[in-house]
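These are the residues of each chain, in order.
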Amino acid sequence: MSMFSTGVLVLTSPLHILPLRIAPVLSSAAQLVERTLYVHFHPGLNLGGGTQPRPVFIQPVVDLSTVISRLYSNAADVCGHLDVRVLLTNIRAHPTTVPNCPFPAPQPLLHSPDVVLTDFAVQDPGQSLQVKQWLQKYTGHCYACGPSLPSVLLQPQLTRLQQEEDGQSRLEGKAEPLQTYSDVVVGGTFDRLHGAHKTLLSISCLLANRRFLIGVCDDAMLKKKVLNELIEPYSVRVQRLREFLHDIKPVLEVEIVPLDDPFGPSITDPLLQCIVVSEETKKGGEAVNKKRIQNGLPALVLHEIQLLKDVHHTETEEEKISSSSLRSRLLGTLISPPKDSSHLPPLPYVIGLAGGSGSGKSSIAHQLEALGALRIDCDILGHEVYQPGAAAYHRVLEEFGTDLLNENKTINRRALGRKVFGNKERLKALTDIVWPEIALLTRSRIHSAMEEGKQVCVVDAAVLLEAGWTDFVHEVWVTIIPEEEAVSRITERDGVTTEDALRRLQSQWPNAKQVEHANVVLSTLWEPEITRKQVLKAWNLLQKRIQQKEEGR
Ligand SMILES: *[C@@H]1O[C@H](CO)[C@@H](O)[C@H](O)[C@H]1NC(C)=O
């Protein structure tokens, strides 16, 4: 069990041996800290010596950028959801030209640390107390921490291989300085900031001495991306970037601009010196330089970083850590916490399943049924409310006229459809009559499910969100599919024209708007087997939530 929310980890191992040690150190830290782990480098810091150590500047060296990429990559593997951030305040290319000392006052961090950790190896157990005190004082000089911070000496168990490699790499240590620049630029989407973003940003911060310019794709540029509905809004992405950069290098002048095209100010800003790219965006960097030369500006230095392979990739994901694979990993998980449902009986736990035409909603509802949920099909209930004798029957005839009647006194729904089609007011008059009736029937089904002792109900309702039926469900799940795919599925399935399919989709809430209200998002875009796995994942996670809720009562 984690005991602390935020920690600072002071790494004292020499840089050239750190890459081999990081994974075990991080995994011991992750057992103690659960939200944010700040990492501070001070290679060679002696916490066991005769005098109290002070923070000093460190030169940016090539080894440091290697260690940073390795660290973020390992963090993704061993730290789960822990937000790891490498602090770079004490790393500067020209410390003597900077008038202030590095830590004029302790730097405030987004989350105030409540524990300080180190990899410093204590030789003699009797030394521990002094090492801990000095560690606290040292950290207090650098960062604004809570009073009397507890400190922990991590003693990671190195494998024999690691120890041997330690010994070898000790001989190979070199401190090749890293070329730095006054103004550095990068571009990207920066959706749900992850290890690859952090590596890119941190290395850019190492390279930049004065200004860091970031172009962030705005919403218009993202329309074509896979699962773009799950991309965070521009303002949220910018906020996360600012918070991160303010933590890791507050002295830097950070400028964030929206990108409407792939270039933005990178091709017009005369002060820029360096652009940071990955293997994947290298071509983009070269294109920037072409345009700069056309614009009469000097070309930028292309600094290429290695993005590390992701060990968790699955068949729907590309092999590197990319935002789109992270987005597909979000499918089936809780993306926003369920709203307060204390007004509802705790069981059955009710899932409202929404989704546009052709999104595969019904197929997912059936899969959930097979896993043990009671499925309530609101389409069928919708037919029931028009039956002679049902409450909506007379009100519909009153509102729309008895010429709608078939010979056998049932309502001709095709004719009714023609009366309301394309007419917002008439459509509202109709839904004002039938939606509350369908809601009543649904609630009574849920009530019977409770009496039968059912754990989970799935309310399969295309109009769940439009009709405002969210107040009798515990969670909203939404199925999404790109519009083009939906159109081709609808035309194939229902034999209608593309125009009709589009019109039908346009009369419904767009995916992005549905996702805003969703607690869980699912997509049937890939093979049936992948959908099945996604649904199973969603179901298993749901069981855990229900169990936790039961235990909490
Ligand atoms: C009533 O008539 C309509 C149209 O002729 C038909 O589609 C429907 O099945 C009939 N319903 C019953 C209950 O007989």
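Residues numbered from 1 in each chain as written. Predicted model: local features only at pLDDT ≥ 70, side-chain atom pairs only at ≥ 80, totals over all residues. Heavy atoms only, no water.

Per an unreviewed UniProt entry, the chain goes by the name Bifunctional coenzyme A synthase and belongs to Gouania willdenowi. The Subunit (unreviewed entry) field of the UniProt record for the chain holds the comment "Monomer." Under the Sequence similarities (unreviewed entry) heading, UniProt states for the chain: "In the central section; belongs to the eukaryotic CoaD family." (UniProt positions renumbered as here; feature names shortened; annotations may be inferred.)

Participant: Break down the site of the ligand for me, with residues and values.
Facilitator: Near the ligand, the surroundings consist of Asn-406, Asn-408 and Thr-410. With respect to the ligand, the side chain of Asn-408 contributes an N or O atom lying 2.6 Å from an oxygen atom. Coverage of the ligand by the protein amounts to 27% of the 360 Å² it exposes when considered alone. (Near = heavy atom within 4 Å. Polar contact = N/O pair within 3.5 Å; in protein donor to acceptor, adjacent residues only side chain to side chain. Areas by Shrake-Rupley, 256 points an atom, 1.4 Å probe, with all protein chains shown as cover.)

Participant: Help me get a handle on the packing of aromatic side chains, residues and values and all.
Facilitator: Centre distance and the angle of the planes are the two values used to describe a pair of aromatic rings. As enumerated under the stated definition, the model contains one aromatic pair in all. A cation over a ring is seen here: Lys-513 above Trp-509, with NZ or CZ 4.2 Å from the ring centre. (Phe/Tyr/Trp six-rings, centres within 6.5 Å; stacked < 30°, edge-to-face > 60°. Lys NZ or Arg CZ within 6 Å of the ring centre and 35° of its normal.)

Participant: Can you lay out the domain arrangement of the chain for me, pointing to particular residues and giving the numbers?
Facilitator: For the chain, the domain assignment lists domain 1 (4–172), domain 2 (181–312 + 319–325) and domain 3 (332–373 + 454–551). Carbon and sulfur atoms make up 61% of the surface buried where domain 1 meets domain 2, a total of about 1,900 Å² over both sides. In terms of surface lost to domain 2, no three residues of domain 1 exceed Tyr-72, Arg-85 and Leu-88, which account for 28% of the buried area on that side. Counting every contact that joins domain 1 to domain 2 gives two salt bridges. Among the ionic pairs, Asp-83 bridges to Lys-198, the shortest N-O distance being 2.7 Å. Here domain 1 is connected to domain 2 by nine residue pairs in polar contact (both at pLDDT 80 or more). At the level of secondary structure, the elements contributing two or more residues to the side of domain 1 that touches domain 2 comprise helix H2 (62–78) and strand S3 (83–87). The element contributing the most residues to the side of domain 1 that touches domain 2 is H2, with nine residues. Counted by class, the side of domain 1 that touches domain 2 contains 14 nonpolar, six polar and five charged residues. (Domains from an automatic or database assignment. Buried area = accessible area lost by both parts, 1.4 Å probe. Salt bridge = Lys/Arg side-chain N within 4 Å of Asp/Glu carboxyl O. Helix = DSSP H or I, 4+ residues; strand = E, 2+ residues; numbered from the N terminus. Nonpolar A, V, L, I, M, F, W, Y, C, P; charged D, E, K, R; others polar.)

Participant: A description of the packing of helix H11 (residues 391–400) against helix H13 (residues 424–451) should follow, citing residues and the corresponding values.
Facilitator: For any two helices packed against each other, one specifies the crossing angle of their axes together with the interaxial distance. Following both chains from N to C, one finds H11 and H13 inclined at 170°, their axes separated by 9 Å at the closest point. Classed by the angle they form, the pair H11 and H13 counts as roughly antiparallel. Along the contact surface, H11 presents Ala-391, Ala-392, Arg-395, Val-396, Glu-399 and Phe-400, while H13 presents Arg-426, Ala-429, Leu-430, Ile-433, Val-434 and Glu-437. Among the residues forming the contact of H11 with H13, the class breakdown is eight nonpolar, no polar and four charged. (Axes fitted to C-alpha atoms, helices over the stretch in contact; angles between N-to-C directions. Parallel < 35°, antiparallel > 145°, perpendicular 65-115°, else oblique. Contact = heavy atoms within 4.5 Å.)

Participant: Before we move on, could you go through the sheet that holds strand S11 (residues 349–355) and cite the residues and values that matter?
Facilitator: A sheet is described by the order of its strands in space; here five strands give the open sequence S12-S13-S11-S14-S15, paired in parallel fashion. Since the sheet does not close on itself, it has two edges, and those belong to strand S12 (374–377) and strand S15 (520–523), each with one partner. Mean inter-strand twist for the sheet, computed between neighbouring axes without regard to direction, equals 25°. Each of S11, S12 and strand S13 (456–460) touches H13; the most contacted strand, S12, lies at about 165° to it. Contacting S11, S13, strand S14 (475–480) and S15, helix H17 (residues 528–552) crosses the sheet at an angle of about 170° to S14. (Pairing = 2+ DSSP bridges.)

Participant: An account of the environment of Pro-177 is requested, with residue identities and associated values reported.
Facilitator: Residue placement: Pro-177 occurs in the loop between helix H4 (160–172) and strand S6 (181–188). Each C-alpha atom of the pair Pro-177 and Gln-59 lies 7.2 Å from the other, and the pair is 118 residues apart in sequence. Each residue touching Pro-177, except ones within four places of it in the same chain, is listed here: Pro-60, Val-61 and Val-62.

Participant: Tell me about the nonpolar core, residues and numbers included.
Facilitator: Leu-37, Phe-41 and Ile-214 are the most contacted members of the largest nonpolar core, which totals 58 residues. Two domains each put at least three residues into this core: domain 1 (4–172) and domain 2 (181–312 + 319–325). For Leu-37, the residues in contact, after removing those within four places along its chain, are Gly-7, Leu-9, Leu-26, Ala-29, Leu-82, Asp-83, Val-84, Arg-85 and Leu-117. Core analysis: the next-biggest nonpolar cluster, separate from the first, contains 45 residues, Tyr-393, Val-420, Leu-430 and Val-434 among them. (Core = buried A, V, L, I, M, F, W, Y, C linked by side-chain atoms within 4.5 Å. Buried < 20%, exposed > 50% of the residue type's maximum accessible area, 1.4 Å probe, protein only.)

Participant: Explain the confidence of the model for the chain to me, and be specific about the residues and the numbers.
Facilitator: Scored by pLDDT, the chain has a mean of 89; 91% of the residues are at 70 or more. Confidence drops under pLDDT 50 across residues 313–320; counting only partners more than four residues distant or on other chains, this segment forms 18 contacts. (pLDDT = per-residue confidence, 0-100.)

Participant: With reference to specific residues and values, describe the sheet that holds strand S4 (residues 115–118).
Facilitator: Strand order in the open sheet formed by five strands is S3-S2-S1-S4-S5, and the pairing between neighbours is parallel. A single partner strand is all that each edge strand has here, and the edge strands are S3 and strand S5 (151–153). Each adjacent strand pair in this sheet contributes to an overall mean axis angle of 20°, direction not counted. Alignment of strand S1 (residues 4–11) against strand S2 (residues 33–41), held across seven bridges, turns out to be parallel. When the bridges of S2 are listed, Leu-11 appears paired with Phe-41. The strands that helix H1 (residues 18–30) touches are S1, S2 and S4; relative to S2, the one it contacts most, it runs at about 150°.

Participant: Give a description of the side chain of His-303 that names residues and reports values.
Facilitator: Assignment of secondary structure puts His-303 in strand S10 (residues 301–305). Taking the relative accessible area as the measure of exposure, His-303 reaches 18% and is therefore buried. Those residues in contact with His-303 that lie beyond four places of it in its chain are Leu-178, Ile-203, Leu-207, Cys-274, Ile-275, Val-276 and Val-277.

Participant: Please give an account of the packing of H2 against helix H5 (residues 195–207) that cites residues and values.
Facilitator: At a minimum axis distance of 9 Å, the contact between H2 and H5 shows a crossing angle of 160°. When the interaxial angle is binned, H2 and H5 end up roughly antiparallel. Between H2 and H5 the crossing geometry is right-handed. From H2, Leu-64, Ser-65, Ile-68, Ser-69 and Tyr-72 reach across to H5, where they touch Gly-195, Lys-198, Thr-199, Ser-202, Ile-203 and Leu-206. (Left-handed = near helix turned anticlockwise from the far one by under 90°.)

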